[in-house]
Structures are given as structure tokens and as C-alpha cells.
Amino acid sequence: MSSHKIFTEKRKAIEYPARKCTTMAELRDEIDQLDRVIVELLSVRQGCMEQAAEIKQDRNLVRDEERVEDVVAKVLAHADKVGAHPELVEMLYRDMIEWCINYEMTVFDSARDGD
Ligand SMILES: O=C(O)C(=O)C[C@]1(C(=O)O)C=C[C@@H](O)C=C1
């Protein structure tokens, strides 16, 4: 994948791949910036679960194992393309999706509380 830049909210550029650092302080600053972007993306993904809980009309549709495997297969294919370690990606995704399913169920239930 070609190199590119992602901008943080303060328009600080994050380089892809990461810029070469010579000190731990510099490297940790780079990691802190990356973590902010990752957390923002997680927040966007979390918002998608809130929409899913609204769109799905049956609680039994919240957990969709076929879709879970589809998501994992797609992120693994992308990991392979960009050089991310498949074990890291698969572990994080399976844990995250499990969390998302529970969150979606909570949102589903609270939106229909008293119905
Ligand atoms: O695709 C869905 O149906 C979702 O609700 C999203 C999502 C996910 O986190 O990607 C979460 C729960 C489902 O079991 C499958 C996938």
C-alpha cells in the first residue's frame, strides 16, 4: 500500500507507515496520536451499532454469526494487503465484535423498554 497521511483533529499529520523516530518520547507521541485516531474510529463504529439496533426489528437478529465471519474474513484479507499481523487483527476484531453484540443488545432493549 502506498504511503499517505491521516490528519488528527489538530491537523497534525500521521504518516503511513509511521514516521521514523529516534527517541522514545518522539515515538510515544506518535503512538499517542495514532491512539486518538483509533479511538475516534472506534467511536464511529460504535455509532453504527446504535443504528443497527434501531434497524433490526428482532432481537434474534443482533447476533449474526455469518456476518461476523464475513467481517473477520474481510479484515484479514485487508491485513494481509497492508502488512498488519493477522493474529493481532483477528483477536482484536473477534473481541470487539463480541463487545459490539452486547452493546447492540443493550441499545436494542433500552430503545424498546416498556413496549
Ligand atoms: O452487521 C451487523 O449485523 C452488525 O450488527 C454489526 C456487527 C459488527 O460488529 O460488525 C455486530 C453484530 C453482528 O453479529 C455482526 C456484525
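Residues numbered from 1 in each chain as written. Predicted model: local features only at pLDDT ≥ 70, side-chain atom pairs only at ≥ 80, totals over all residues. Heavy atoms only, no water.

Student: So, the UniProt feature "domain: Chorismate mutase" (unreviewed entry) in the protein chain: which residues are in play, and what are the values?
Tutor: UniProt's entry tags residues 18–108 with the feature "domain: Chorismate mutase" (unreviewed entry), counted in the numbering of this structure. For residues 18–108, helix accounts for 80% and strand for 0%, while the C-alpha atoms at its two ends are 39 Å apart. (UniProt positions renumbered as here; feature names shortened; annotations may be inferred. Helix = DSSP H or I, 4+ residues; strand = E, 2+ residues; numbered from the N terminus.)

Student: Now, about the nonpolar core: what can you tell me, with residues and values included?
Tutor: V62, V68, I97 and I101 are the most contacted members of the largest nonpolar core, which has 14 residues in total. Secondary structure elements with two or more residues in this core: α1 (24–55), α2 (65–82) and α3 (86–111). If one sorts the elements of this core by residue count, α3 sits on top with eight residues. (Core = buried A, V, L, I, M, F, W, Y, C linked by side-chain atoms within 4.5 Å. Buried < 20%, exposed > 50% of the residue type's maximum accessible area, 1.4 Å probe, protein only.)

Student: Lay out the packing of α2 against α3 with the relevant residues and their values.
Tutor: Across the interface, α2 lies against α3 with an axial gap of 10 Å and an inter-helix angle of 150 degrees. Classified by the angle between their axes, α2 and α3 sit roughly antiparallel to one another. At the point where α2 passes α3, the crossing takes the right-handed sense. Across the interface between the two elements, V68, E69, V71, V72, V75, L76 and A79 of α2 pack against P86, V89, E90, Y93, R94, I97 and I101 of α3. Partitioned by chemical class, the residues of the contact of α2 with α3 number eleven nonpolar, no polar and three charged. (Axes fitted to C-alpha atoms, helices over the stretch in contact; angles between N-to-C directions. Parallel < 35°, antiparallel > 145°, perpendicular 65-115°, else oblique. Left-handed = near helix turned anticlockwise from the far one by under 90°. Contact = heavy atoms within 4.5 Å. Nonpolar A, V, L, I, M, F, W, Y, C, P; charged D, E, K, R; others polar.)

Student: Break down a nonpolar patch on the surface for me, citing the residues and quoting the values.
Tutor: Taken together, L34, I38, V39 and L42 make up a surface patch of nonpolar side chains, about 330 Å² in accessible area. Here L42 shows up in helix α1. (Patch = residues over 30% accessible without salt bridge, like charges linked within 9 Å, V, L, I, M, F, W, Y side chains within 5 Å. Areas by Shrake-Rupley, 256 points an atom, 1.4 Å probe, with all protein chains shown as cover. Salt bridge = Lys/Arg side-chain N within 4 Å of Asp/Glu carboxyl O.)

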